[in-house]
Amino acid sequence: MGSRFPSHQLSNGLYVSGRPEQPKERAPTMGSTAMPYTGGDIKKSGELGPVNSGTGSASMKKTNSGPLNKHGEPLKKSSGPQSGGVTRQNSGQIPVLPTTGLITSGPISSGPLNSSGAPRKVSGPLDSMGSMKLQGSAIVHNQAVTTLGQDDYSFRKNFPKTILWSVILIFVMGFIAGGFILGAVHNPILLAVVAILFAGVAALFTWNTCWGRKATTNFIARYPDAELRTAKNGQYVKVSGVVTCGNVPLESSFRRVPRCVYTSTSLYEYRGWDSKPANPTHRRFTWGLRSSERHVVDFYISDFQSGLRALVKTGYGTKVTPYVDESVIIDVNPANKDMSPEFVRWLAERNLSSDDRTMRLKEGYIKEGSTVSVMGVVQRNDNVLMIVPPPEPLTTGCQWSSCIFPASLDGVVLRCEDSSKNDAIPV
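Residues numbered from 1 in each chain as written. Predicted model: local features only at pLDDT ≥ 70, side-chain atom pairs only at ≥ 80, totals over all residues. Heavy atoms only, no water.

**A short note on the overall build of the chain**
Along the backbone of the chain there are 6 helices and 18 strands. Taking the contacts inside the chain whose residues are at least 6 apart along the sequence as the reference set, 67% of them involve residues at least 24 apart. Split by element, the accessible area of the chain, about 27400 Å² in all, is 56% carbon and sulfur. (Helix = DSSP H or I, 4+ residues; strand = E, 2+ residues; numbered from the N terminus. Contact = heavy atoms within 4.5 Å. Areas by Shrake-Rupley, 256 points an atom, 1.4 Å probe, with all protein chains shown as cover.)

**Describing the pairing of strand S18 (residues 412-416)**
Burial analysis of S18 places 5 of its 5 residues in the buried class, which makes it a mostly covered element. Pairing of strand S11 (residues 320-324) with S18 involves 5 bridges; the strand directions are parallel. Opposite Val324, over in S18, you have Cys416 as the bridge partner. Across 3 bridges, strand S14 (residues 371-381) lies against S18 in antiparallel orientation. Across the sheet, residue Ser373 finds its bridge partner in S18, namely Arg415. (Buried < 20%, exposed > 50% of the residue type's maximum accessible area, 1.4 Å probe, protein only. Pairing = 2+ DSSP bridges.)

**Points about the packing of aromatic side chains**
Tallying each qualifying case throughout the model produces 10 aromatic pairs. One Lys or Arg, Arg284, reaches over the ring of Trp273 and ends 5.1 Å from the middle of that ring. Of note, Lys362 hangs over the ring of Tyr268, and the distance from its end group to the ring centre comes to 5.5 Å. (Phe/Tyr/Trp six-rings, centres within 6.5 Å; stacked < 30°, edge-to-face > 60°. Lys NZ or Arg CZ within 6 Å of the ring centre and 35° of its normal.)

**Here's the deal with the sheet that holds strand S13 (residues 358-367)**
Spatially, 5 strands are ordered S5-S8-S7-S13-S12 in an open sheet, and the strand pairing comes out antiparallel. Each edge of the open sheet is held by one strand with a lone partner, namely strand S5 (146-148) and strand S12 (327-332). Along the sheet, successive strands turn relative to each other by an average axial angle of 15°, direction set aside. Taken together, the 5 bridges between S12 and S13 define a ladder with antiparallel strand orientation. Its bridge partner lying in S13, Ile330 is registered against Leu361. (Axes fitted to C-alpha atoms, helices over the stretch in contact; angles between N-to-C directions.)

**Structural notes on the packing of helix H4 (residues 161-185) against helix H5 (residues 189-222)**
Two numbers describe how H4 lies on H5: the axes approach to 8 Å, and their chain directions differ by 155°. It follows that H4 is roughly antiparallel to H5 by the angle criterion. Like other packed secondary-structure pairs, H4 and H5 cross with a definite hand, here left-handed. Each of Leu164, Val167, Phe171, Gly174, Phe175, Ala177, Gly178, Gly179, Ile181 and Leu182 in H4 lies in contact with H5, whose residues at this interface are Leu190, Leu191, Val194, Ala195, Leu197, Phe198, Val201 and Phe205. Taken together, the residues that form the contact of H4 with H5 break down as 15 nonpolar, 3 polar and no charged. (Parallel < 35°, antiparallel > 145°, perpendicular 65-115°, else oblique. Left-handed = near helix turned anticlockwise from the far one by under 90°. Nonpolar A, V, L, I, M, F, W, Y, C, P; charged D, E, K, R; others polar.)

**Digging into the nonpolar core**
Membership of the largest hydrophobic core comes to 34 residues, with the highest contact counts inside it found for Phe299, Ile301, Ile366 and Val374. For this core, the leading source of residues is strand S6 (residues 236-245), giving 4 residues. Other than its neighbours up to four places away in sequence, Val374 contacts Val237, Lys238, Val239, Phe299, Ile301, Val312, Ile387, Val412, Val413 and Leu414. By size, the runner-up hydrophobic cluster in this structure holds 13 residues, among which are Ile220, Tyr236, Tyr323 and Met375. (Core = buried A, V, L, I, M, F, W, Y, C linked by side-chain atoms within 4.5 Å.)

**Description of the confidence of the model for the chain**
Here the chain shows a mean pLDDT of 76. Residues at 70 or above account for 66%. In the predicted structure, residues 102-113 sits below a pLDDT of 50 and forms 29 contacts with residues beyond four places in sequence or in another chain. In the model, residues 115-133 has pLDDT below 50 throughout and makes 26 contacts with residues more than four positions away in sequence or in other chains. (pLDDT = per-residue confidence, 0-100.)

**Describing H5**
Three or four residues apart is the spacing at which side chains of an α-helix point the same way, because the helix has 3.6 residues per turn. At Trp211, H5 is bent by approximately 55°, the largest bend along its length. Those residues of H5 that sit buried are Val194, Phe205, Asn208, Gly212, Ala215, Thr216, Thr217, Phe219 and Ile220. (Bend = angle between axes of the 7 residues up to and from the residue.)

**Focus on helix H6 (residues 341-349)**
For H6, every residue scored as buried is listed here: Phe343, Trp346 and Leu347. Projected down its long axis, H6 shows its buried positions confined to an angular sector of 95°, all on one face. Summarising the geometry of H6, the exposed residues directed more than 90 degrees from the buried face are Pro341 and Ala348. Once H6 ends, the next one or two residues include Asn351, with phi positive near 55°. (Arc of directions from axis to C-beta.)

**Quick notes on unusual backbone geometry**
Residues other than glycine seldom take positive phi values, yet Arg256 does so here, at roughly 60°. The phi dihedral of Arg259 is positive, around 55°, even though this residue is not glycine. Along the chain, Arg259 turns up in the loop between S6 and strand S7 (260-271).

**Some details on the side chain of Thr217**
Relative to the assigned elements, Thr217 resides in helix H5. In this structure Thr217 comes out as buried when scored by relative accessible area, which is 10%. A polar side-chain atom of Thr217 sits 2.7 Å from the main-chain carbonyl oxygen of Lys214. Excluding residues within four positions of it along the chain, Thr217 makes contact with Tyr323 and Arg415. (Polar contact = N/O pair within 3.5 Å; in protein donor to acceptor, adjacent residues only side chain to side chain.)

**A few points about the pattern of salt bridges**
Charged atoms that come close allow side chains of opposite charge to pair. For the coordinates displayed, the defined rule picks out 12 salt bridges. Between Arg256 and Glu349 there is a salt bridge; the shortest N-O distance is 3.8 Å. With a gap of 93 residues between them, Arg256 in the loop between S6 and S7 and Glu349 in helix H6 connect regions that are remote in the sequence. Looking at Glu349, the relative accessible area reads 45%, which means it is partly exposed. A salt bridge links Arg259 to Glu368; the nearest nitrogen and oxygen atoms lie 2.9 Å apart. (Salt bridge = Lys/Arg side-chain N within 4 Å of Asp/Glu carboxyl O.)

Below, the structure written as structure tokens:
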């Protein structure tokens, strides 16, 4: 049937008004491919560059997706064992246990700690076990080693100088007054009293000079041992136990004893009437110190009371007062000076002459496995237990029964008998 309005039939049979639409041509489609992020640089965009420059292609090469470096290039994945297509990666290097065998929950260093309590890194030559071995001149230049001076005990150093000079002034005035009275009225009583008092004070000073060190070691031996398990932070304690080397073991100077935490070598000379002095204060007919080498480093001590292990901070220039017995290694006189090649070598290494002198070499050390007593302040840093120097020296007080004046113990105190006579405990 005719109609003035055009109409057409749809595919489902329905008639609708209007003219049928002409089919449109489809634009060609391209496959979706993962493209790397180029940071806006078209030169690094792989196949995007040719497309945007007018040299497009209907097909594009497949690129790998993944992490990119700073230049926009994919990183190369390291080969390794894979499971299920997932690459296993280590978070870091496997830690190497120290030679001491001590395992803690945090990093421990034998060096000083920074302001946050973390150990500072120290560079140095390491052996295969991760510990630095120091010999010869390397000890002097290594900051992990504390170089000590001569013997720390001295009666004149411990006795107050003000009191000493006051006593000397009083006796000088007493002798002057006694001599004046003796010459004026011929009465020697005052002079005799001053002389007796002077003799008594001189004997007392001589007694302290000779036996002061022995009295100090007796004080350390009588000081009660503390238990590290119950010791509080900041408490001054004395701990006795077995020594274990830290990361920087030492070696004794003459005997070459390995794995030591403290070494001491002293050369003495006897001065006769016409002999040369060993030092500027060397008196005739006495032994004088000519050369001294004493070094100490950080180490561990295992407490006998509780079994806990603590790090003793004695390296890196820490103040240390050692009372370590030395043993006589060799006595040399002009007649047998060439009988010990080791002694001649030791002198040559230190540029010391071996002319006609009577010499004596002493050596002391604390080796791994030795039993020592340590006095210091307990410091707990996270899970690390340490013994550090006290802020003020400890005084021994007057020992009236022995007629001994007070002595000061400054820094960490080490006490060890002659290690050469005692067998070390294997650790």
